[in-house]
Amino acid sequence: MSNFHTPVMVKECIQLLALKAEGIYVDATTGGGGHSLAMLKAEPGIKLFCFDQDAAAIQEARSVIENGEWRIEFIQANFVRLRTELALRKIKGIDGILFDLGVSSHQLDCTERGFSFDKDAPLDMRMNSSQDYSAYNAVNELDARALGKIFRDFGEENHALRIAKAIEASSKPIKTTRELAKIIESVVGSGTKESLKSKVRIFQALRIHVNGELDCLRQAITDSTNLLNPAGRIVVLSYHSLEDRIIKQAFSLAAQECICPPAIINCVCSHRRQLKVLTKSPLLASEEELAVNVRARSAKLRAAEKLCLKNKERI
Ligand SMILES: C[S@@+](CC[C@H](N)C(=O)[O-])C[C@H]1O[C@@H](n2cnc3c(N)ncnc32)[C@H](O)[C@@H]1O
């Protein structure tokens, strides 16, 4: 198994993608190429577009996959550019797309990327290293109100404003993950489960903010849904409740025939049902997988299928 990243719930993802020979597919987050390779092995005739915004991921995926005889193209780009990048390649529709969200083990383990508070590194957290804005900018340039909102909205942290105020009051610049961790500990204490959770939540919130993760995800789910051919599948692995909520709500909205308020008897909305949800509740990793891959612990897998409806069905 690769040190770069061990892919999660591979068998379940492949089953839900229901790959069609000769179909056109996207791995929106190719990472170390584990899921991409599994897709190609399961159905070697597919055309696969592999996206990742991280140059190191694209390089690793290339080395893992490219020596096969596959129809594959690597695209180093944020998946928010899905529609544009596919249009540039004259692709109008796809038969399936996989999202395996968040960071890879490689990104977490790579000290200098600054994703992890238990390694001392420059405050960075950019998935795309050519982006200008990093965690350093956020921590040193935002005021306590803005930082507190980020910690609350993207970390669901109870001590959000107090931690933000401690950051604002500390001497600048704050340069490293350890310095930031110490400031968090000055508010929540150290050595307890709760203080550990606070650090996890604050670092997660900064990462989400720096990479604009949730806005990109919302846009990419909408674009993918529109791009799917009839009977095409969208399959998403998420790792925290904020991501999972976005997927659940997006699927549920796209599965509704009408979004008129209940008081309206004859439908006036132009909303059209696009998806059939395939996973009523999210699938979780099996006990066997959890025993060998701790990362699978928080994984939630949801999938939906594009409907073939042409005109809006009146109810
Ligand atoms: C959990 S890893 C994927 C692992 C992969 N499925 C495998 O089998 O190795 C998530 C990957 O998605 C990438 N990523 C996260 N958000 C992205 C986005 N908005 N656009 C493109 N890539 C993204 C990260 O850089 C990371 O490499």
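Anyway, here's the lowdown on the structure attached to this text. Just so we're clear, the structure is a prediction, and the values are computed from it rather than from any experiment.

**Examining the pattern of salt bridges**
And step 1. Applying the stated criterion across every chain yields a total of 19 salt bridges.
And step 2. Across the pair K197 and E194 runs a salt bridge whose closest N-O atoms are separated by 3.8 Å. Remark: E194 and K197 occur in helix α10 (residues 193-210); sequence separation between them is three residues, near one turn of the helix.
And step 3. A relative accessible area of 41% means that K197 is categorised as partly exposed.
And step 4. Through salt bridges that share partners, E73, R81, E85 and R89 make up one connected network.

**Concerning helix α3 (residues 55-65)**
For an α-helix the count is 3.6 residues per turn, leaving residues at separations of three or four pointing the same way.
And step 1. When α3 is considered as a whole, its buried residues turn out to be A57, I58, A61 and I65. Down the axis, α3 shows its buried residues gathered within 95° of arc, on one side only. Facing away from the buried surface of α3 by more than 90 degrees, the exposed residues are Q59 and S63.

**Details of the packing of helix α1 (residues 10-17) against helix α2 (residues 34-42)**
And step 1. Direction vectors running N to C along α1 and α2 enclose 50°, while the axes themselves pass 10 Å from each other. The angle between α1 and α2 places the two elements in the oblique class. The handedness of the crossing between α1 and α2 comes out as right-handed. For the pair α1 and α2, contact is made by V10, C13, I14 and L17 and by H35, A38, M39 and A42, respectively.
And step 2. Residue classes in the contact of α1 with α2 are distributed as seven nonpolar, one polar and no charged.

**Some details on the site of the ligand**
And step 1. In the region of the ligand, 25 residues are neighbours, and G32, H35, D52, F79 and D100 sit closest.
And step 2. Here N78 contributes a side-chain N or O atom positioned 2.9 Å from a nitrogen atom of the ligand.
And step 3. Between the ligand and Q107 there is a distance of 2.9 Å, counted from an oxygen atom to a side-chain nitrogen or oxygen.
And step 4. For the ligand, the accessible surface in isolation is 600 Å², of which the surrounding protein chains cover 98%.
And step 5. Per-class residue counts for the shell around the ligand are eight nonpolar, 13 polar and four charged.

**Observations concerning the sheet that holds strand β6 (residues 275-277)**
And step 1. Strand order in the open sheet formed by seven strands is β3-β2-β1-β4-β5-β7-β6, with mixed pairing between adjacent strands. Pairing within the sheet leaves two strands with one partner each, and these edge strands are β3 (71-76) and β6. Ignoring which end each strand starts from, the neighbouring axes of this sheet average 15° apart.
And step 2. As paired strands, strand β2 (residues 47-52) and β3 are joined by six bridges and run parallel to one another. What sits directly across from F49, in β3, is E73.
And step 3. Its contacts with the sheet put α1 on β1 (24-27), β4 (94-100), β5 (228-238) and β7 (300-306), and the angle it makes with β5 is roughly 160°.
And step 4. Contacts from α3 reach β2 and β3, with the element oriented near 165° to β3.

Conventions we followed
Residues numbered from 1 in each chain as written. Predicted model: local features only at pLDDT ≥ 70, side-chain atom pairs only at ≥ 80, totals over all residues. Heavy atoms only, no water. Salt bridge = Lys/Arg side-chain N within 4 Å of Asp/Glu carboxyl O. Helix = DSSP H or I, 4+ residues; strand = E, 2+ residues; numbered from the N terminus. Buried < 20%, exposed > 50% of the residue type's maximum accessible area, 1.4 Å probe, protein only. Arc of directions from axis to C-beta. Axes fitted to C-alpha atoms, helices over the stretch in contact; angles between N-to-C directions. Parallel < 35°, antiparallel > 145°, perpendicular 65-115°, else oblique. Left-handed = near helix turned anticlockwise from the far one by under 90°. Contact = heavy atoms within 4.5 Å. Nonpolar A, V, L, I, M, F, W, Y, C, P; charged D, E, K, R; others polar. Near = heavy atom within 4 Å. Polar contact = N/O pair within 3.5 Å; in protein donor to acceptor, adjacent residues only side chain to side chain. Areas by Shrake-Rupley, 256 points an atom, 1.4 Å probe, with all protein chains shown as cover. Pairing = 2+ DSSP bridges.

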